Amino acid sequence: MTSLSNALKYATSFPVIFLSALKYHVLPEMWHGVYRPLWLLCSVINSCFSFYWDVSRDWDLGFFSGSFKSRNPLLRTNLLYNNKWVYYWAISSNLLLRCAWTYKLSAHLRHNYLTVFTFSGLEMLRRFQWIFFRVENEYNKMLTRTSLQVPMKEMTIEAERLLSPSHHVV
């Protein structure tokens, strides 16, 4: 079910892209009367769903759970970074950068190369930021999985085997 929901997140961008491309192929009256409001609705749906997915699923932050009982309000219990403001900044900037990506698809920006370049750079920044919190989330998951824990004795034996000079032929 998770994979299907993730696919749905990506699928919500298709109408935004399609309607953006449609702008110059319909009459201006049709664009302003029908397609532009539809584009705005699809843009809001895509931005909100993608934002929700990033924060709650990819980063596993409790922002949408309304968890105030945690020692880290609206966040998860185990935080890798000491400053909580980093998480709140990442959440808010992710929302703004998600909306910026959608705005970049707006048809009227098609010939404004500097704006498109700037918004593409902002999307790269959003993805770069996303990586750190995604990796942190996976690290936290690894720490909580008992089935993946290898006894220290086995790790020491394996390390000695790998580091011993008898196994390396040059």
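Residues numbered from 1 in each chain as written. Predicted model: local features only at pLDDT ≥ 70, side-chain atom pairs only at ≥ 80, totals over all residues. Heavy atoms only, no water.

*Asks:* What is the right way to read the nonpolar core from this model?
*Replies:* Generally speaking, a soluble globular protein has its nonpolar side chains buried in company with each other. Phe 51, Val 55, Trp 59, Leu 61, Leu 75, Tyr 87, Ala 90, Ile 91 and Phe 133 together form the largest nonpolar core, which totals 9 residues. With 3 residues, helix α4 (residues 84–104) is the largest single contributor of residues to this core. Core analysis: the second largest hydrophobic core is formed by 8 residues, Val 16, Leu 19, Trp 39 and Leu 105 among them. (Core = buried A, V, L, I, M, F, W, Y, C linked by side-chain atoms within 4.5 Å. Buried < 20%, exposed > 50% of the residue type's maximum accessible area, 1.4 Å probe, protein only. Helix = DSSP H or I, 4+ residues; strand = E, 2+ residues; numbered from the N terminus.)

*Asks:* How do you make sense of a nonpolar patch on the surface when you look at a structure like this?
*Replies:* A cluster of nonpolar side chains, namely Leu 80, Tyr 139, Met 142 and Leu 143, defines an oily patch on the protein surface of about 410 Å² accessible area. In this fold, Met 142 is placed in helix α5 (residues 113–144). (Patch = residues over 30% accessible without salt bridge, like charges linked within 9 Å, V, L, I, M, F, W, Y side chains within 5 Å. Areas by Shrake-Rupley, 256 points an atom, 1.4 Å probe, with all protein chains shown as cover. Salt bridge = Lys/Arg side-chain N within 4 Å of Asp/Glu carboxyl O.)

*Asks:* Hey, could you run me through unusual backbone geometry in this one?
*Replies:* Residues apart from glycine generally show negative phi values, whereas peptide bonds are mostly found in trans. One non-glycine residue, Asp 60, lies in positive phi territory at about 55°. Residue placement: Asp 60 occurs in the loop between α3 (28–58) and α4. The exposure class assigned to Asp 60 is partly exposed, which follows from its relative accessible area of 37%.

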